[in-house]
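Close look at the chain arrangement
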Amino acid sequence: MFHRVTFRSLLLLALCAALVHGEEKPIEETNSSLPLKKAERCTVDKCQLPNCRCSGLRLPSAEFQGREKEIPQLITITFDDAVNVINYEQYQQLFQGLVNPDNCTASGTFYVSHEYTDYTLVNALYQQGHEIALHSITHGSGTDYWREADVEQIMAEFGQQIEMLEQFAKVNRRHIRGMRLPFLQIAGNNSFEAAKRLDLLYDSSWPTQRYRNPAMWPYTLDYRSVQDCQIGPCPQASIPGFWVNPMVSWVDTQGYSCAMIDACIFPPKDDVDALFQWMLENFKRHYEGNRAPFGMYLHAAWFQRGRHNFEAFRKFLLHVNKLPDVYLTTASRVIHYMKHPTLGRPFHSCPKKPRTTCVKQNCALRKVETGEMRYMNVCDSCPTVYPWLGNPLGTTAY
Ligand SMILES: [Zn+2]
């Protein structure tokens, strides 16, 4: 486990470095082999809501101009990677008692990866109203794996993960709407083409540094994106109706950009107030600006990294939760809002919480690929072998 954590830290550092130097990197050629249509320049007359929106800094509706203070401020709190008994407890404490101004429960988004995930806890998060989204089965062996991946590979990683979440956590596949690529490594058109073919609604893997003040709103890939390409190759084809939920960067204490909170190289000192003030500064760029959705993207491991990280994070959430026009909601609800933007209350009604039954099974399974044993909690019944890419339901001991 320690080895894993160290490795992750290194990856995050590598990711930061890529982000810091990203603007110098040329946009690489896309590696799509498919005859996709090249995206043309976007104009508002050709691209209109609810299913098309040009990239850029425009407000969700022209009528909102000058009325930014009436736009509801949406906040998405997202966590990547495995859900386990330790971080599940933190998630419970983090969201405890948080209710949005429309009396709906505050919720977050979990980009779940398969290995070491406790599917009964995924089921619990799902029933609490959080969004369960995709982060792949294998998580890959590094950025090369994802940068070079073709459409079929990406479809296998995410499509088979949908089957796993359905089978082991009893998440309805209609509720699985989005994905985040490991290491935020997109593969040109391929990632988005795969996501579109899997009938997903949005991707949230693409960071922007250039469009953080004012911040970038989500948009569709019908037409050419103006977003800066930090971790290329970025898509150049038209992928109609598919949404990009850009990861608007935070700024650390030295002015460096970070796509994820835990990737900031120079965070403030480990002190509740310093951390809280820093979060507030980043938030204010949105709240006192154009009100584009504010993303709080991280891994739960960050709570272990500093003694006061968790307390500061919770303090920040309690603070913003008192504001009358701030909503802690899921990434897919943000896209829903983008399709039907309003001033004031963002949603007509609260999302219905799914009701499922999950009888916990603790399964000891052999991982065929390596011969190791894995313990895996699932709903209702154990697979035969440890599920993996190519055998997502763990049915056959091949
Ligand atoms: Zn990850």
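Residues numbered from 1 in each chain as written. Predicted model: local features only at pLDDT ≥ 70, side-chain atom pairs only at ≥ 80, totals over all residues.

Points about the pairing of strand β1 (residues 73-80)
- Within β1, 8 of the 8 residues are buried, which leaves the element mostly enclosed by the surrounding structure.
- Burial along β1 is two-sided: the residues Q73, I75, I77 and F79 and L74, T76, T78 and D80 are all buried.
- Pairing of β1 with strand β13 (residues 326-328), which is carried by 3 bridges, proceeds in the parallel orientation. Among the inter-strand pairings, L74 is bridged to a residue of β13, identified as Y327.
- One ladder, built from 5 bridges, connects β1 with strand β12 (residues 294-298); its direction is parallel. Residue F79 lies in a different strand from β12, and its bridge partner there is L298.
- With 3 bridges connecting them, β1 and strand β2 (residues 109-112) associate as parallel partners. Directly across from T78, in β2, lies its bridge partner T109.
- With respect to chirality, the unit in which β1 leads through helix α2 (residues 85-95) into the neighbouring parallel β2 is right-handed. (Buried ≥ 20, exposed ≤ 12 C-beta atoms within 10 Å, placed from the backbone. Helix = DSSP H or I, 4+ residues; strand = E, 2+ residues; numbered from the N terminus. Pairing = 2+ DSSP bridges. Right-handed = clockwise from strand over helix to strand, strands pointing away.)

Considering the environment of T342
- By the element assignment, T342 lies in the loop between α10 (331-339) and β14 (360-366).
- On the neighbour-count criterion, T342 (15 C-beta atoms within 10 Å) is partly exposed.
- Between the C-alpha atom of T342 and that of E70, which follows or precedes it by 272 residues, the distance is 9.0 Å.

Brief notes about the environment of S141
- Here S141 lies in the loop between β3 (131-134) and α4 (143-147).
- Classification of S141 as exposed rests on a count of 9 C-beta atoms within 10 Å.
- In this structure, the C-alpha to C-alpha distance between S141 and L74, residues 67 residues apart in sequence, is 34 Å.

Here we look at the domain arrangement of the protein
- If you check the domain split of the protein, you get domain 1 (2-354) and domain 2 (359-398).
- Distance from the C-alpha centre of domain 1 to the C-alpha centre of domain 2: 29 Å.
- With 15 residues of domain 1 at the interface, the matching set in domain 2 holds 9 residues.
- Counting residues per element, the ones that place at least two in the side of domain 1 that touches domain 2 are α3 (119-127) and α5 (151-168).
- At 7 residues, the largest contribution of residues to the side of domain 1 that touches domain 2 is made by α5. (Domains from an automatic or database assignment. Contact = placed C-beta atoms within 7 Å.)

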